[in-house]
Amino acid sequence: ALRKLDGLMKSDKDVWSYEEHQLVNISFDCSASWLSADIVEQKLRQYPDLINQKCKIEFDFSDKFLLLDCILKILSLVNQLANTGAKVVIKFAPKSKGFSYLQRCGFFDNVDETVTILPYRPKESLAKKYNSNSDNLFEIFKITHEYDDSLLDRIAELVGAKLSEEDVQKLLNKLLTLIGELVDNIREHGLSAISGYIALQIYNSGKIMIAISDSGSGLIHTLRTEALNHYQDNDALNVFVVQSMENDIGLLGYIFNHGNISRTGETGRGLGLSKSNNTLKKLSHDQVAGIVLTIRQQDNELSFPFNTNGIEIEGCRPQTDLMYIAGTHYVLTILLDKMVVN
């Protein structure tokens, strides 16, 4: 029989040896050509504690395309795993168009340099080479502590080129305000040793999707461990102190709909989310067909619909028992009533 001690094995003859590195192969071998967040999450939930495994981890995407609603989550997860010292491999089929798409949007530019990429790690950045040449795709943009105003300029250019003049007048400034608030929130509260990221895509069907991810301590965790300590005399907030799914939903609903909550307790230093909420309420007034904000943290994800009154707590759809991923991961989906492509 063998006895184990964190990476070492001891045989019956009392000889210690290094344990063979276990390989965890996560293969996305479903029939769908495009991998949505739902498909990816269903697969990943089979490995709930992957972040704490000391092993070689291979993500095999074969010839699949990744949709924007999961690209940044996977990027953040891969970089978190690499940051713990795990040996990570991202594998694609030799002539995968999904590989080319990720190359074009800058995915590989942002993957930790210790990660092995198959069939090869691109030497040239197609995202930088063709930057601003796509009518639909906003390349993955890194969020750091330093403000970069080219972010909103590029988004304004992309949205302005893709939407009708009427939709530009209705949506553009509000979208830029919303994105600016969420990015600023990550810049102030969500950054860790790993950068945050934002990407955006506009679909001909009339859908705008914005994904924003960080690898920090997580919005709910920050609210509970830091912010709520400063508001112990606020009865409306005190009911959310104990962690539960119901309280998580209620707390996020309160923060978005009421705001004025700061992690430091300082007046005027709110988390910025109520400003984002006000912008979404204004967008809802513009006769868009629907707005959904999905917030993924740790091992759960909450999808909130929006209406002209703000975030809908009652309509929230939670997903639980997901793979643990650090940070906060937003996906905002805006469905337009109609779309005129310029």
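Structure: see above.
This write-up is about the structure you can find in this document.

### Section: the overall build of the chain
Part 1 of the argument: Each helix and strand in the chain was counted, giving 10 helices and 17 strands.
Part 2 of the argument: Within the chain, the proportion of its 342 residues that are buried is 54%.
Part 3 of the argument: Excluding contacts between residues fewer than 6 apart, the proportion of contacts in the chain whose partners are at least 24 apart in sequence is 67%.
Part 4 of the argument: For the chain, the exposed surface amounts to about 16,300 Å²; the carbon and sulfur share of it is 48%.

### Some details on the pairing of strand β12 (residues 207-213)
Part 1 of the argument: Extensive coverage of β12 is indicated by the burial of six of its seven residues.
Part 2 of the argument: Linking two consecutive strands that pair antiparallel, namely strand β11 (residues 196-203) and β12, is a turn of three residues; a positive phi of about 100 degrees is found at G206 within it.
Part 3 of the argument: Across seven bridges, β12 lies against strand β17 (residues 325-335) in antiparallel orientation. The residue of β17 that forms the bridge with M209 is T333.

### Here's the deal with the sheet that holds strand β9 (residues 116-118)
Consider a sheet: its strands pair through backbone hydrogen bonds, and that pairing is either parallel or antiparallel.
Part 1 of the argument: One open sheet holds the four strands; their spatial order is β4-β6-β8-β9, and the pairing between them is parallel. Two strands close off the open sheet at either side, each with one partner strand: β4 (23-27) and β9. In this sheet, adjacent strand axes meet at a mean angle of 15 degrees when their direction is disregarded.

### As for the packing of aromatic side chains
Part 1 of the argument: Under the definition given, this model contains 10 aromatic pairs.
Part 2 of the argument: Aromatic pair W34 and F65: ring centres 4.3 Å apart, planes at 20 degrees, arrangement stacked. Here W34, found in strand β5 (residues 34-35), pairs with F65, found in strand β7 (residues 65-66); they are 31 residues apart in sequence, far enough to count as distant.
Part 3 of the argument: Residue classification places F65 among the buried positions, given a relative accessible area of 18%.
Part 4 of the argument: Seen from their ring centres, F59 and F61 are 6.5 Å apart, and the 10 degrees between their planes marks the pair as stacked.
Part 5 of the argument: F59 sits in the buried class, given a relative accessible area of 2%.

### Re the environment of L171
Part 1 of the argument: In this structure, L171 sits in helix α6 (residues 165-189).
Part 2 of the argument: In this structure, the C-alpha to C-alpha distance between L171 and K282, residues 111 residues apart in sequence, is 9.2 Å.
Part 3 of the argument: If near-sequence neighbours (up to four positions away) are discounted, L171 is found in contact with L163, L283, V288 and L336.

### Examining the pattern of salt bridges
Once the charged atoms of two side chains with opposite charge are near each other, the side chains can pair.
Part 1 of the argument: Inspection of the entire model under this criterion finds seven salt bridges.
Part 2 of the argument: Across the pair E41 and R296 runs a salt bridge, and its minimum N-O distance is 2.6 Å. On the criterion of sequence distance, the pair formed by E41 in helix α1 (residues 37-44) and R296 in strand β13 (residues 290-298) is long-range, its members being 255 residues apart.
Part 3 of the argument: One salt bridge connects D167 with K170, and the closest N-O pair in it is separated by 3.7 Å. On the criterion of helical spacing, the pair formed by D167 and K170 is a turn pair, its members being three residues apart in helix α6.
Part 4 of the argument: Through salt bridges with shared partners, a single ionic network connects R104, E139 and R154.

### Comments concerning α6
Every α-helix carries 3.6 residues per turn, so stepping three or four residues along brings you back to the same face.
Part 1 of the argument: In a regular helix each residue adds 1.5 Å, so 25 residues correspond to 36 Å; α6 covers 35 Å between its end C-alpha atoms and thus fits that length.
Part 2 of the argument: The largest bend along α6 measures about 40 degrees and falls at L171.

### Digging into the nonpolar core
Part 1 of the argument: Residues I198, I210, I212 and I334 are the most contacted members of the largest nonpolar core, which totals 56 residues.
Part 2 of the argument: The dominant element in this core, judged by the number of residues it contributes, is α6, at 10 residues.
Part 3 of the argument: Residue contacts for I212: discarding those within four places in its chain leaves L72, I143, L182, V183, I186, Y197, I198, T328, H329 and Y330.
Part 4 of the argument: Within the second largest apolar cluster, 47 residues are counted, among which are L50, C105, I140 and A199.

### A closer look at a negative patch on the surface
Part 1 of the argument: A surface patch of like charges, here negative, comprises E146, D148, D149, D153 and E157.
Part 2 of the argument: Looking at the secondary structure, you find D148 in the loop between β10 (137-143) and α5 (150-162).

### Concerning helix α7 (residues 219-227)
Part 1 of the argument: Residues L219, I220, T222, L223, R224 and A227 constitute the buried set of α7.
Part 2 of the argument: The inward-facing, buried residues of α7 contact α9 (245-257), α10 (273-285), β13 and β17.

### Let's talk about the environment of C55
Part 1 of the argument: Residue position: C55 is located in the loop between α1 and β6 (56-62).
Part 2 of the argument: Note on C55: relative accessible area 4%, which makes it buried.
Part 3 of the argument: The sequence separation of C55 and L23 amounts to 32 residues, and the corresponding C-alpha distance is 6.1 Å.
Part 4 of the argument: Ignoring sequence-local partners within four residues, the contact set of C55 consists of Q22, V24, A86 and K87.

### Remarks on unusual backbone geometry
Part 1 of the argument: Of note, the amide linkage connecting L118 to P119 takes the cis form, showing an omega dihedral of 15 degrees.
Part 2 of the argument: Summarising the element assignment, P119 is placed in the loop between β9 and α4 (126-129).
Part 3 of the argument: Positive phi values are uncommon outside glycine, yet Q298 reaches one of about 55 degrees.
Part 4 of the argument: Inspection of the secondary structure assignment puts Q298 in strand β13.
Part 5 of the argument: Assessed through its relative accessible area of 30%, Q298 is described here as partly exposed.

Definitions and cut-offs
Residues numbered from 1 in each chain as written. Predicted model: local features only at pLDDT ≥ 70, side-chain atom pairs only at ≥ 80, totals over all residues. Heavy atoms only, no water. Helix = DSSP H or I, 4+ residues; strand = E, 2+ residues; numbered from the N terminus. Buried < 20%, exposed > 50% of the residue type's maximum accessible area, 1.4 Å probe, protein only. Contact = heavy atoms within 4.5 Å. Areas by Shrake-Rupley, 256 points an atom, 1.4 Å probe, with all protein chains shown as cover. Pairing = 2+ DSSP bridges. Axes fitted to C-alpha atoms, helices over the stretch in contact; angles between N-to-C directions. Phe/Tyr/Trp six-rings, centres within 6.5 Å; stacked < 30°, edge-to-face > 60°. Salt bridge = Lys/Arg side-chain N within 4 Å of Asp/Glu carboxyl O. Expected span 1.5 Å × (residues − 1). Bend = angle between axes of the 7 residues up to and from the residue. Core = buried A, V, L, I, M, F, W, Y, C linked by side-chain atoms within 4.5 Å. Patch = residues over 30% accessible without salt bridge, like charges linked within 9 Å, V, L, I, M, F, W, Y side chains within 5 Å. Lys, Arg positive; Asp, Glu negative; His and termini not counted. Charge placed at Lys NZ, Arg CZ, Asp CG, Glu CD.

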